[in-house]
Structure formats: structure tokens, C-alpha cells
Amino acid sequence: MTSSYLVTPHWLEKHLQDDNLIVLDCRKAKPGTTPPRPLEEEYRAAHIPGAVYFDVDKLSDQNTPLPHMLAEDAFFAREAGKLGLRNDQTIIAYDEGDFFSAPRIWWMLRHYGAQDVRVLDGGINAWRAEDRPLEQGEVSRPPQTFRAAFDRSQVKSIDQVSELSQNGDAQIIDARAAGRFRGEVPEPRPGLHSGHIPNSLNVPFTLLSADGRLKKPEALKQTFIDQGVDLEKPVVASCGSGVTAAALVFALATLGIDAKLYDGAWTEWGDLNAQWPVEKGPVEKG
């Protein structure tokens, strides 16, 4: 496993006072959560000491109806700099411990040009379970200069995904829950078909961890294999809106595999007003 992508609570507490380290609280509510969770309030009530709240939506494209889409370099650079981020820092992202949202921030920052981004294994839940210190209030850091130049080769467009769906040159893997993928339950976002991109595979992001920690390398490999993924072939990750697809990319990266991401994801493909083909039911695993 490429251990530089993960840190333990023990490591983080030991390095919290490092001059070049910044911690990002990336907790995000899951779609369809009722009532909506006030995560900024939860952050202010208790967070890892020194952590800055990172709202992925505020650093995403503000000019599209699609959620969490990548912003232009200049916008991201400006907003990241306001949070106190620089390219040369060690940046630690954490969520609740389910690999739901922190990998998305890991993925964004790395491909915008941050040099050292890691995820806290187990998130704030593991930190709490080990009775490590928490603080209240809001943390602000002095503004910094972040130089953003996103690596667009890491992202696939809807037209590229459509072509891959037909020609099979890369495997499309979907991080949504099995019921959503199969079209057995409605999407939590309104206005979307149920089902999946034709010829895609289902790897629910919840399968990547055990007891809140990323699975060990061999177990992680077996998880992908059990879901029909050939780890020797190219992979493009998708999900509902581009967030948990990054969890698949993150898990594969720890195995030394470079996967791409379809940022529009099911919110774009499954739009009731669009004309993209939709499949339902389980997929026969090769």
C-alpha cells in the first residue's frame, strides 16, 4: 500500500504542531439526508485542533447546475488561498471515517497541484474513539498563495464515458449503493432515472473500509475483483455526483493503480431530460 496517502490518528496528533501542516475538516452530508445536517455547526461544536472547515461546494464550479463540478483554476486558487492553503504544505483531509468525502478533497487538491495530500484513516470517528483532543469554534488561517493548474487528463467527459461504455476500452465502476445502481430504489436527488451506465460495474464505496479503516491491500484488491473489476485494465470511476467516485480512485491509488474520474457522474448521465441509455438490474461479473 502507498502509505503516503493515509495517516493514522496517532501520527496526526504527533504532527499537529508542524509548521507546514494544515488539517481540513471535510465532513459532508450525504444526499437525501433528512433533515439536512448542519455540518458547519457540527464542525464548530467539535473538530480536530487547528482544522479548517473545507466546504467542497464553495470551492466547486458556481456556474453549473451539476453539483461539486470542478472549478476553473483561478477560482479554485483564490478560494483555496483564502483557507490558508499552499501547494507545498502537508494537507490532511478528514471526514466522519467512512471515506465518503475526504477522498474527493484529496483528489481535487492533488490534481490542482498540491504536492502532499493525505487522508486521516478512520476520520474524526477514529480520533474520538481514541480519546484524542478536540476543540470548538472556527479556525481561520492567514491567506496563502495557491497555484492551481488542474490536470485535466484525470477527468472523463460524458462523451468519453459514452464511448468507453460502448467499446470497453476502460472499465466504468460506479460507487453508488447496489440498490441505486440496479435501479431498485429511487435516486436521492430528484429528476434522475434509476439504474446505471450500460456495461458499468458496481463497487459501492462502503465496501472499501472495515470498521472505519481502509481495508488492507490484499483485502482491498479482493473487493474489487469480487465486484468484477480487472485490476490490469484501465478504470474510470463514477458515482452519484463525483464525490464517492473519488473514494474508488483513492483506494485504487493505494494499490498503485491510476484511475480516472467521471465528474458529471449519474447526476449528468441519469438526468430525466437527457438521452443517455440506462440499464437496470445486476451485472454479470466476468
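Everything quoted here is computed from the prediction, not taken from an experiment.

## What to know about the UniProt feature "domain: Rhodanese" (unreviewed entry) in the chain
Then, in step 1: The UniProt record marks residues 17–136 and 166–274 with the feature "domain: Rhodanese" (unreviewed entry), using the residue numbering of this structure.
Then, in step 2: Split by type, residues 166–274 is 29% helix and 16% strand. Its first and last C-alpha atoms lie 18 Å apart.

## So, the packing of helix H4 (residues 102–112) against helix H9 (residues 245–254)
Then, in step 1: As a packed pair, H4 and H9 sit with axes 8 Å apart at the nearest point and diverge in direction by 70°. Taken together, the axes of H4 and H9 are roughly perpendicular relative to one another. Every residue of H9 that contacts H4 at Pro103, Arg104, Trp106 and Trp107 is listed here: Ala246, Ala247, Val249, Phe250 and Ala253.
Then, in step 2: Here the residues of the contact of H4 with H9 are counted per class, giving 8 nonpolar, no polar and 1 charged.

## Some details on the environment of Leu85
Then, in step 1: Relative to the elements of secondary structure, Leu85 occurs in the loop between helix H3 (73–82) and strand S4 (90–94).
Then, in step 2: Separated by 114 residues in sequence, Leu85 and Asn199 place their C-alpha atoms 40 Å apart.

## Focus on the pairing of strand S2 (residues 21–25)
Regular strands place side chains that alternate from one sheet face to the opposite one.
Then, in step 1: For S2, a buried count of 5 out of 5 residues is recorded, marking the element as mostly surrounded by other parts of the structure.
Then, in step 2: With burial as the criterion, each face of S2 is covered, one bearing Leu21, Val23 and Asp25 and the other bearing Ile22 and Leu24.
Then, in step 3: In the sheet, S2 pairs with S4 via 5 bridges, with the strands oriented parallel. Across the sheet, Asp25 pairs through a bridge with Tyr94, a residue of S4.

What counts and what doesn't
- Residues numbered from 1 in each chain as written.
- Predicted model: local features only at pLDDT ≥ 70, side-chain atom pairs only at ≥ 80, totals over all residues.
- Heavy atoms only, no water.
- UniProt positions renumbered as here; feature names shortened; annotations may be inferred.
- Helix = DSSP H or I, 4+ residues; strand = E, 2+ residues; numbered from the N terminus.
- Axes fitted to C-alpha atoms, helices over the stretch in contact; angles between N-to-C directions.
- Parallel < 35°, antiparallel > 145°, perpendicular 65-115°, else oblique.
- Contact = heavy atoms within 4.5 Å.
- Nonpolar A, V, L, I, M, F, W, Y, C, P; charged D, E, K, R; others polar.
- Buried < 20%, exposed > 50% of the residue type's maximum accessible area, 1.4 Å probe, protein only.
- Pairing = 2+ DSSP bridges.

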